[in-house]
Amino acid sequence: MKTSHSKFREDKPADGLHAVFASLLAQDGIGEPEAFYAKACECIGETMKAEPKDIMEFSNCLKPYRSKPGAGWKAGLFISALINGSGHRHFVLTAGGAGQPLDYLGFRNNKNLVVIGHAGGRLGWEMSGGSIYVDGDAGSEAGGRMIDGKIWVQGDAGERAGCCMRGGLLHIRGKPGRETGHQRQGGTILVGATAKTLQRLGAQPAGGPESAPKALSLPASAVMGTIEEMAVPAHHAQMEEVTRALAEEPAPCAMTAVRPGGGSLFVEAGMKSAKGH
C-alpha cells in the first residue's frame, strides 16, 4: 500500500505525520528496523519536510498507537527519518508522549537532538555524526554501531552500551549496564565523568553547535518556543551556568582507562567498572 503525500496537511502538519505513520503501521511485511526506516524515508520523500516543532508535537501524541505491534520502535525510526530528512539541524523531543521510552531514537543520526526524559533501546544506533543529549536514562545498546558523533546520557544506560562502536563518543553519567563496550572496535566511552573531566577531555556539551540547548533548563511546556534558538549564541551563557553548577560536584580524584579492542573506555574512580568483552 502506497502512502499518499496528500495526507500531509499544511495547515496541521502534525496531523499529516500521524496519517502517514498510521498508514505505515497498517502495512504488512515490514518487520525489520532497516526495512521500516527505508519505507518511512520513502513515504516522507522530498515533499514532506516537517518542522522541528511539528516533530515534537507528533512525538507527544503517540499513546493511541500503544496497542499496535512494534509501535514503540517503529515510532522511533519514523521520528529519526523525519529528523534526518529535515533541513534543520537542531531538535528537541519530550519523552513520555508514547507512554514508554521509544527505541531507535537518533537512528543513523547526523543532527543535534535533545531528548528530555528517558530514551529506549538502541539510542543513536549507527549514528554517523551530530550529537544526542538525553536528560534521563537510555535503554540497551545505546550508541551501538556508532561511526561518529557524540552521545551524552545523563542517567543510567542499559546493557551493551557502545556495542560494536567504531567511532565517536558516548558518555554515561550514571551507571552502565553489563557488557558495556561489547565488541567495540573504536571510539570513546566515558562512564560517570564529572563536568570537570568532560571539559578536560574536550567532551563537554556546552558553548557550541553540539551543545545541549537552552530548552533543557525549561519546563516541557515552554520548549516549543525555544527550538529555533538552539544555534543562537545567546543561550551559551545559560548553558555555562548549568555546566558551572555541574562542575561544583565533588570530583573523583582519578580516572582509570580500559582498552578492550580499539578506542578508549574511561571509568571515573569510585564507579563500578564497565567491562568490555
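See above for the structure.
These remarks concern the structure in this document. Predicted model, so just to flag it, every value in this text is computed and none were measured.

**Focus on the environment of Ala-71**
Alright, step 1. Among the secondary structure elements, Ala-71 is positioned in helix α4 (residues 71–84).
Alright, step 2. By relative accessible area, Ala-71 is classed as buried at 9%.
Alright, step 3. Spatially, the C-alpha atoms of Ala-71 and Asp-103 are 9.6 Å apart, while their sequence positions differ by 32 residues.
Alright, step 4. With residues up to four places along the chain from it excluded, the contact list for Ala-71 reads Phe-21, Leu-25 and Tyr-65.

**A word on the pairing of strand β5 (residues 169–172)**
Alright, step 1. Of the two faces of β5, the one carrying Leu-169 and His-171 and the one carrying Leu-170 and Ile-172 are both buried.
Alright, step 2. As judged from the four bridges shared by strand β4 (residues 150–153) and β5, these two strands associate in the parallel manner. Among the inter-strand pairings, Val-153 is bridged to a residue of β5, identified as Ile-172.
Alright, step 3. Of the strand pairs in this sheet, β5 and strand β6 (residues 188–191) are connected by four bridges, and their pairing is parallel.

**Comments concerning the pairing of strand β2 (residues 112–116)**
Alright, step 1. Among the five residues of β2, five are classified as buried, and the element is accordingly described as predominantly covered.
Alright, step 2. The side-chain alternation of β2 yields two buried faces, one formed by Asn-112, Val-114 and Ile-116 and the other by Leu-113 and Val-115.
Alright, step 3. Pairing of strand β1 (residues 90–94) with β2, which is carried by five bridges, proceeds in the parallel orientation. Paired with Thr-94 across the strands is Ile-116, a residue of β2.
Alright, step 4. Bridging between β2 and strand β3 (residues 131–134) involves four bridges; their strand directions are parallel. If you follow Val-114 over to β3, its bridge partner there is Tyr-133.

**Focus on the pattern of salt bridges**
Once their charged atoms are close, side chains differing in charge can pair, the charge on each being opposite to the other.
Alright, step 1. Taken as a whole and assessed by the stated rule, the structure comprises nine salt bridges.
Alright, step 2. Note that Glu-141 and Arg-122 form a salt bridge whose closest N and O atoms lie 2.7 Å from each other. Placement of the pair is Glu-141 in the loop between β3 and β4 and Arg-122 in the loop between β2 and β3, with a sequence separation of 19 residues.
Alright, step 3. The class for Arg-122 is partly exposed, based on a relative accessible area of 27%.
Alright, step 4. Residue Arg-160 pairs with Glu-159 through a salt bridge whose shortest N-O separation is 3.0 Å.
Alright, step 5. You can call Glu-159 partly exposed: its relative accessible area is 26%.

Reading the values: rules and limits
- Residues numbered from 1 in each chain as written.
- Predicted model: local features only at pLDDT ≥ 70, side-chain atom pairs only at ≥ 80, totals over all residues.
- Heavy atoms only, no water.
- Helix = DSSP H or I, 4+ residues; strand = E, 2+ residues; numbered from the N terminus.
- Buried < 20%, exposed > 50% of the residue type's maximum accessible area, 1.4 Å probe, protein only.
- Contact = heavy atoms within 4.5 Å.
- Pairing = 2+ DSSP bridges.
- Salt bridge = Lys/Arg side-chain N within 4 Å of Asp/Glu carboxyl O.

Honestly, it's all geometry; don't read function into it.
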